[in-house]
Amino acid sequence: MSDVVERTLSALPGLLGQQDPGAGPGGGPGRVSATSRLGGLIRSITALSSKHEEEKLIQQEQTNLKATVSAPTTTLRLMKECMVRLIYCEMLGYESSFGYIHAIKLAQQGNLLEKRVGYLAVSLFLHENHELLLLLVNTVVKDLQSTNLVEVCMALTVVSQIFPREMIPAVLPLIEDKLQHSKEIIRRKAVQALYKFYLIAPNQVQHIHDKFRKALCDRDVGVMAASLHIYLQMIKKNASGYKDLTESFVSILKQVVGGKLPIDFNYHSVPAPWLQIQLLRILGLLGKDDPRTSELMYDVLDESLRRAEINHNITYAILFECVQTIYTICPKSDLLEKAAKCIGKFVLSPKINLKYLGLKALTYVIQQDPNLALQHQMTIIECLDHPDPIIKRETLELLYRITNGQNVTVIVQKMLDYLRQSKEEYTIINLTGKIAELVEKYAPDNEWFIQTMNAVFSVGGDVMHPDIPNNFLRLLAEGFDDEKEDEELRLYAVQSYLSLLEEEDTFYPQKFLQVMSWVLGEYSYLINDGDPEVIITRLHRLLKQTFVTSETKAWIMTAVTKMSSRMSCSKTIDKLIQEFSTSLDTCMRQYAFELKHLCENKELMKNLFPLDASCDEIMVDASLSFLDGFVAEGLSCGAAPYKPHHQRQEEKLSQEKALNFEPYGLSFTSNMSSSGFTGRQSPAGLSLGSDMSGNSAELGQKETNCLKLDGVRKLWGKEGYLPKKENKTGKEDKTQPVPQDSILTAHVVDPPLMQSEQQVVSLSEEEKEKQQLASTLFVGLGSNSTISLIFESLSCHFPVIEAQSMESCQKCVQLEKVCTEGVLSGSISYHLDTDTHLEFSLTFSLSDFIRPMKMTTEDFGRLWLSFSNDVKQNLKMSPSQGSLSVALNALKQKLKLHIVEIIGNEGIAACRLLPSVPCLLHCRTHARTLALWFRSSCSALPDSLLYQCQKVMEEA
Amino acid sequence: MQFMLLFSRQGKLRLQKWYVPLSDKEKKKITRELVQTVLARKPKMCSFLEWRDLKIVYKRYASLYFCCAIEDQDNELITLEIIHRYVELLDKYFGSVCELDIIFNFEKAYFILDEFLLGGEVQETSKKNVLKAIEQADLLQEVNFSFTRISQILFNPCIITGAYLFLQRSSAEQFGYFTVNIDVYVQWKFQQSGQKICW
């Protein structure tokens, strides 16, 4: 089309003046008579200059149309024309709902030509929940039974687009019949219609799953391809149910890749690319976490990679899908290598679309293969300053995944820069969430932590997720193990907020103000030298600002109340009480009165607002035992003893049986309970309290959310381009069989660092800058990539070992970061006649580090509640695994679990990761499935253990 | 695919197809925002956009922008090719298509789109098959029309009770220059005698 003369709208009126525009360049059969009514409408609209004129014209047009369509004399032919014009009006954004019913009528009554327009209008005007759609059902049923192929096709097309869910049973048998139709186009559309039904009502098509299989085996490629849509959806939902089809999908893909399909399906000489991509996606889902199924597809994936070699967008599309599939299924090293090469091609491509996809692929694989990011670090740095924001955004996403304690400040800074430039709400919500997460996890020091969160709060404003301020406050309140650190952090927060509030008339988002007022109310006492009066004055000033909402005012009032409990008297507070006692805002008035009365009794106030007790649980004495004395006194004075409500009612009922008092009784109880609460605590106080204590169940999460303030090294170090390997901690262990008659030196070597050391001879200033950035960004990536078994590089040296004797050397290996597999490699050198050097490597799996953990059921229950990292999964049991105890015993033997107790179809077991990270397992059998539920204090452990369990169950 | 929009460089909507149920208000809002965002982008920029939780894939052909919304896990490049294939189909059908063809024949453009994409999924990837389906429908309509007229002229006294058309098209590439063999079987009865005859 690009070679066509670009005829823009400005040339339109002139063109339309010609009688026969079809005679223009490239006049095809569909050229329309511009003299038609639609042509007239379009022409007059383009001739207009203002939106206002357009509105007037369309209004007039709509009035005309309305009259025409509702006139009984209007022929169907004219109606068809009206419909086209109505579609046009709707496209311009003018609602024409008066015509909807006529569109349905046209589809019902018209001949083929009119029917087609009627159906089109219906599919454009209505959505699937529209009530008028029910009127279409009859027409569809009639057309599905028609002997005319075109009518059937039209009916199927409309069904595949919109159809009322509740009417599916009316057409389902007809459509099922169509699956056996002799024409492939009908079969294909029938499959497509079933796909639509599956999407909107999966239960209704459950009984015809075997027919889907038939469609998958259809001799026509189009029908088979259509059935893949359904399979992709079904496999997305439940991959384990379709593992048996893997081989079929693989063989289809093999045929497609091998060029066995009719040449019609080629697209730019690539065989059926859409089909290939669909199949690759299905294979990815099937092979995920399933080594045996993955095994089946390695060959065909290799073949796909190999065949996709022509330099065209479509082959890149296939390559991209291949790479994703390869990284999704169980890994195979040589395929991974090829896929990594492919990603390199994308990343280094000068074409911007491919570069973007390269970054996307890197983001996808980064956790599995951090070295790949190291290889492309310079490209990534370049992309970080790319003029196209979408590239920048994807790069940030990539960096977010590789953030660690050492590079967090640089990455967060980049993210904040981007955040400040973006206006779109969705981006802001997304980015603030990510920044807050990184900051909480990796903040190097207090100052940075508070400053960065301040930036997040002021930019994220009120659109960000409410969890961010809540988590932040919880973090401050709960603190860490070190009391002194906590206080410093809080003090810093207080100081920083005070200086922010110093400036008058600065606008802050409500959420930020709420955070500030809570922190000031709770922790302002930490400032020793400051005058609390100053803080209260600043809060008071805020209360008078117009941009502060009443919710925020409630927060501020609560803060003032808390602070006033720690001061003897204050003029500002008196002024504040006076001001708001007459406020029109009833809430504020209530707070003011509460504060006034509380101020009269400082002792009570101190009890009510204890220092730094936001995390303490509030004990509620539900039995009201503190009233015992009062009750006894009353009784001794002759008061009637209290009778519970139901007792009173029974007595009343026995007295006058005719009447039923139940409704009155009910309202009486609710009055009691609500009056019991008023005045005890202000609503804001309540909400605050529940905010903090309600989270106590998530206490365990502290571990993942907490700030790591210790052990963080300096950034911007001078290590150069690439990071040095981190210091290694922990120990290493090995017992070696020693060759006899030899002088032996055992020497354990580091695993080789898989980093490409790039030597750049001369560096420009800019490049140096980039490299420095690179070194700060990618620091710490290489080291924890290959192994998480951290050990010291150790060597043992033995003197001459006597013949027939043994020497041994023992070292201890510890799993510092949970992973499923780790490799320990080293070498032995010994001297016989010549120096000999032997390499060896040992593979450890997680189960090597698991030991049983003995405990009682009560202990189990207690521990269970205190852990927050949990993972649930259902596993299929083979018939041989029969009962729960058999399955559990298998797990016990293979994984060294301690079985705590088995009751019926439920069982609990416990184990620990050496040295002492506990993991609890709760399992339950139900109809051949085993539901496993892991909980642990370590976040990665449940996942890895689940994987081990799956392996055990599969082997058994 | 969630939806497809065609709009001009001036921001005028030329075609819209929604595969997810949305209210008119939302549709308008989305269209307005998207048209603005896409038009603001420079020519050398990436054809993909992140917009809300969707991916937008767009491409400009002459004065028309083709714009598709897909989900994050979908393949962007293949979506770009979907757009291209659609343009190819339009091109073949209209014979080197231009914006005017789509403005004045938007219903035809919709018919082609419905044969190619159905319910947001690629329905038929063979170009030949898509066009065959469209042409068949077009043809039948035209024949149907002329046939009614013929019957009005020739068999005025009869009531036509059934007609079967069998079409066979020669494989000439360019639409409009091919031969069609039409076998028409007509069943009618004379109004007076009620006798059925097949022709």
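Residues numbered from 1 in each chain as written. Chains lettered and ligands numbered in written order. Predicted model: local features only at pLDDT ≥ 70, side-chain atom pairs only at ≥ 80, totals over all residues. Heavy atoms only, no water.

### Description of the overall build of chain B
How we decide: Note on conventions: DSSP H or I runs of at least 4 residues are helices, E runs of at least 2 residues are strands, and numbering of each starts at the N terminus. Each residue gets one of three labels from its accessible area relative to the maximum for its type: buried under 20%, exposed over 50%, partly exposed in between, using a 1.4 Å probe on protein chains only. The criterion used for residue contact is that any of the two residues' heavy atoms lie within 4.5 Å. Residue exposure ignores everything except the shown protein chains as possible cover, and the areas themselves are Shrake-Rupley values with a 1.4 Å probe.
Helix and strand counts for chain B stand at five helices and ten strands. The buried share among the 199 residues of chain B stands at 56%. Taking the contacts inside chain B whose residues are at least 6 apart along the sequence as the reference set, 47% of them involve residues at least 24 apart. As presented, chain B carries roughly 8,900 Å² of accessible surface, and 51% of it is formed by carbon and sulfur atoms.

### Quick notes on the confidence of the model for chain A
Residues and elements named next belong to chain A. Stated precisely, the cut-off is as follows: Scored from 0 to 100, pLDDT reflects the predictor's confidence in each residue.
Mean pLDDT over chain A stands at 77; residues scoring 70 or higher make up 79%. Segment residues 664-763 is flagged for pLDDT under 50; beyond a separation of four residues in sequence, or across chains, it makes 199 contacts in the model. Predicted confidence is poor over residues 782-792, with pLDDT under 50, and the contacts of this stretch with residues over four places away or in other chains come to 40 contacts.

### Concerning the pattern of salt bridges
As a reminder, the rule being used: By definition, a salt bridge exists where a carboxyl oxygen of Asp or Glu is found within 4 Å of a side-chain nitrogen of Lys or Arg.
According to the stated counting rule, one finds 33 salt bridges over all chains in the structure shown. The salt bridge partner of Arg-393 of chain A is Glu-50 of chain B, with a shortest N-O separation of 3.9 Å. On the criterion of chain membership, the pair formed by Arg-393 of chain A in helix α21 (residues 389-401) and Glu-50 of chain B in strand β3 (residues 48-51) is interchain, its members lying in two chains. Ionic pairing is found between Arg-401 of chain A and Glu-397 of chain A, a salt bridge with its closest N-O pair at 3.6 Å. Taken together, the positions of Arg-401 of chain A and Glu-397 of chain A, both in helix α21 and four residues apart, correspond to about one turn of that helix. Taken together, the shared-partner salt bridges connect Arg-393, Glu-397, Arg-401 and Lys-434 of chain A together with Glu-50 of chain B into one network.

### Some details on the interface of chain A and chain B
Basically, it comes down to this: A simple way to read buried area is as the amount of 1.4 Å-probe accessible surface that goes missing from two parts once joined, with both sides added. Counting of polar contacts relies on pairs of N or O atoms within 3.5 Å, with two restrictions inside protein: one atom must be capable of donating a hydrogen and the other of accepting it, and residues adjacent in sequence are counted only when both atoms are side-chain atoms.
Facing 82 residues of chain A, the contacting portion of chain B comprises 79 residues. For the pair chain A and chain B, the two sides together bury roughly 7,400 Å², of which 59% comes from carbon and sulfur. Taken together, the connections running from chain A to chain B amount to 21 residue pairs in polar contact (both at pLDDT 80 or more). Take the side of chain A that touches chain B: its biggest share by element is seven residues, from helix α6 (residues 112-125) of chain A.

### What about helix α1 (residues 24-39) of chain B?
Heads up, the rule is: To estimate the expected span of a helix, subtract one from its residue number and multiply by 1.5 Å.
With 16 residues, α1 of chain B extends 22 Å between its outermost C-alpha atoms, agreeing within 8% with the 22 Å of an ideal straight helix rising 1.5 Å per residue. Considering only its buried residues, α1 of chain B is in contact with β1 (3-8), β2 (13-18), β3, β4 (54-61) and β5 (64-70) of chain B.

### Here's the deal with the pairing of β1 of chain B
On a regular strand, one side chain projects to one face of the sheet and the next to the other, so that they alternate. Residues and elements named next belong to chain B. Short version of the rule: For two strands to be treated as a pair, DSSP must find no fewer than two bridges joining them.
Of all six residues that make up β1, six are buried, and the element is covered over most of its length. Along β1, one buried face is formed by Phe-3, Leu-5 and Phe-7 and the opposite face, lined by Met-4, Leu-6 and Ser-8, is buried too. Where β1 lies against β5, six bridges are found, and the strand directions are antiparallel. By the bridge assignment, Phe-3 is partnered in β5 with Ala-69. Where β1 lies against β2, five bridges are found, and the strand directions are antiparallel. For Leu-5, the partnering residue across the bridge sits in β2 and is Gln-16. Hairpin connection of β1 to β2: four residues between the antiparallel strands, including Gly-11 at a positive phi of 90°.

### Here we look at the environment of Arg-490 of chain A
Residues and elements named next belong to chain A. Along the chain, Arg-490 turns up in helix α26 (residues 483-502). Residues Arg-490 and Leu-526 lie 36 residues apart in sequence; the distance between their C-alpha atoms is 7.9 Å. Other than its neighbours up to four places away in sequence, Arg-490 contacts Leu-476, Ala-477, Glu-478, Gly-479, Glu-483, Tyr-523, Leu-526 and Asp-612.

### Comments concerning the side chain of Lys-434 of chain A
Residues and elements named next belong to chain A. Along the chain, Lys-434 turns up in helix α23 (residues 425-442). Within polar-contact distance, the side chain of Lys-434 engages the side chain of Glu-397 at 2.7 Å. Residues contacting Lys-434, with those up to four places away along its chain left out, are Glu-397, Tyr-400 and Met-415.

### Things to note about the sheet that holds β4 of chain B
Residue and element names in this part refer to chain B. The condition is simple: Where helices are involved, their axes are fitted lines through C-alpha atoms of the stretch in contact, as for all axes, and angles between N-to-C directions lie from 0 to 180°.
With antiparallel pairing, five strands are arranged side by side in an open sheet as β2-β1-β5-β4-β3. Taken across any chain shown, the strands that pair with only one partner, and hence form the sheet edges, are β2 and β3. Shown here is a sheet whose adjacent strand axes are inclined to one another by a mean of 20°, direction ignored. In this structure, β4 lies alongside β5, joined through seven bridges in antiparallel fashion.

### Observations concerning the nonpolar core
Note the threshold: Here, nonpolar core refers to any group of buried Ala, Val, Leu, Ile, Met, Phe, Trp, Tyr and Cys residues whose side-chain atoms link them within 4.5 Å.
Within the largest apolar cluster, 289 residues are counted, with the highest numbers of intra-cluster contacts made by Phe-249 of chain A together with Tyr-86 of chain B. It is helix α2 (residues 76-94) of chain B that provides the largest number of residues to this core, a total of eleven residues. If you look at the next biggest cluster of nonpolar residues, it comprises 32 residues, including Cys-911, Phe-934, Leu-945 and Val-952 of chain A.

### Notes on the packing of α23 of chain A against helix α24 (residues 446-460) of chain A
All names here are of chain A. We apply this condition: Just so you know how the angles are binned, under 35 degrees is roughly parallel, over 145 roughly antiparallel, 65 to 115 roughly perpendicular, and the rest oblique.
Running from N to C, α23 and α24 cross one another at 170°; their axes reach a closest spacing of 10 Å. Between α23 and α24, the crossing angle belongs to the class labelled roughly antiparallel. When α23 is examined against α24, the residues Ile-428, Thr-432, Ile-435, Ala-436, Val-439 and Glu-440 are found in contact with a partner set consisting of Trp-448, Phe-449, Thr-452, Met-453, Val-456, Val-459 and Gly-460.

### Brief notes about the side chain of Gln-161 of chain A
You can see Gln-161 of chain A is positioned in helix α8 (residues 149-161). Among the polar contacts made by the side chain of Gln-161 of chain A, one reaches the side chain of Lys-17 of chain B at a distance of 2.7 Å. In this view, Gln-161 of chain A contacts Ser-123, Glu-128 and Lys-196 of chain A together with Lys-17, Asp-114, Leu-118 and Gly-119 of chain B; residues no more than four positions away in its chain are not counted.

### A word on the packing of aromatic side chains
Stated formally: Here the aromatic set is Phe, Tyr and Trp, taking the six-membered ring for Trp, and pairing holds for ring centres within 6.5 Å; pairs whose planes are under 30 degrees apart are stacked, those over 60 apart are edge-to-face, and all others are tilted. For a ring to carry a charge above it, either NZ of a lysine or CZ of an arginine must fall within 6 Å of the ring centroid while also lying within 35 degrees of the normal to the ring plane.
All chains considered together, the criterion is met by 24 aromatic pairs over all chains. Ring centres of Phe-320 of chain A and Phe-346 of chain A lie 6.1 Å apart, and the angle between their planes is 75°; this geometry places the pair in the edge-to-face category. Here Phe-320 of chain A, found in helix α16 (residues 313-328), pairs with Phe-346 of chain A, found in helix α17 (residues 333-348); they are 26 residues apart in sequence, far enough to count as distant. Residues Trp-518 of chain A and Tyr-523 of chain A carry aromatic rings whose centres are separated by 6.0 Å and whose planes lie at 80° to one another, so their mutual orientation is edge-to-face. Each of the two residues, Trp-518 of chain A as well as Tyr-523 of chain A, counts as buried. Here the aromatic cluster, defined as three or more aromatic residues joined through ring pairs, consists of Phe-449, Phe-457, Phe-472, Tyr-497, Tyr-508 and Phe-512 of chain A. In this arrangement the basic side chain of Arg-116 of chain A is found over the ring face of Phe-111 of chain B, its NZ or CZ atom lying 3.8 Å from the centre.

### Quick look at unusual backbone geometry
For Ala-272 of chain A, which is not glycine, the phi dihedral falls at a positive 30°. Its place among the elements puts Ala-272 of chain A in the loop between β2 (270-271) and α14 (273-287). Backbone geometry places Ser-96 of chain B, a non-glycine residue, at a positive phi of 40°.

### Let's talk about α2 of chain B
Residues and elements named next belong to chain B. A rise of 1.5 Å per residue sets the reference length of α2, with its 19 residues, at 27 Å; its end C-alpha atoms lie 27 Å apart and thus fit the reference within 8%. Within α2, 16 of the 19 residues are buried, which leaves the element mostly enclosed by the surrounding structure. Its side-chain oxygen at 3.0 Å from the backbone nitrogen of Leu-77, Asn-75 defines the N-terminal cap of α2. Two residues or fewer past α2, Gly-95 is found with a positive phi of approximately 75°.

### A few points about a negative patch on the surface
Applicable threshold: The patches reported here contain residues having more than 30% relative accessible area and no salt bridge. Joining distances are 9 Å for like charges and 5 Å for nonpolar side chains (Val, Leu, Ile, Met, Phe, Trp, Tyr). Under this rule, positive means Lys or Arg and negative means Asp or Glu; His and the chain ends count for nothing. In plain terms, the charge of a residue is placed at NZ if it is Lys, CZ if Arg, CG if Asp and CD if Glu.
A cluster of acidic side chains, namely Asp-481, Asp-482, Glu-483, Glu-487 and Glu-488 of chain A, defines a negative patch on the protein surface. Here Glu-483 of chain A shows up in helix α26.

### Examining the confidence of the model for chain B
All names here are of chain B. Summarising the model, chain B shows a mean pLDDT of 75, and 68% of its residues fall at 70 or more. Here strand β10 (residues 196-198) stands out as the element of chain B with the lowest mean pLDDT, 40, in contrast to β5, whose mean of 94 is the highest. Predicted confidence is poor over residues 145-199, with pLDDT under 50, and the contacts of this stretch with residues over four places away or in other chains come to 74 contacts.

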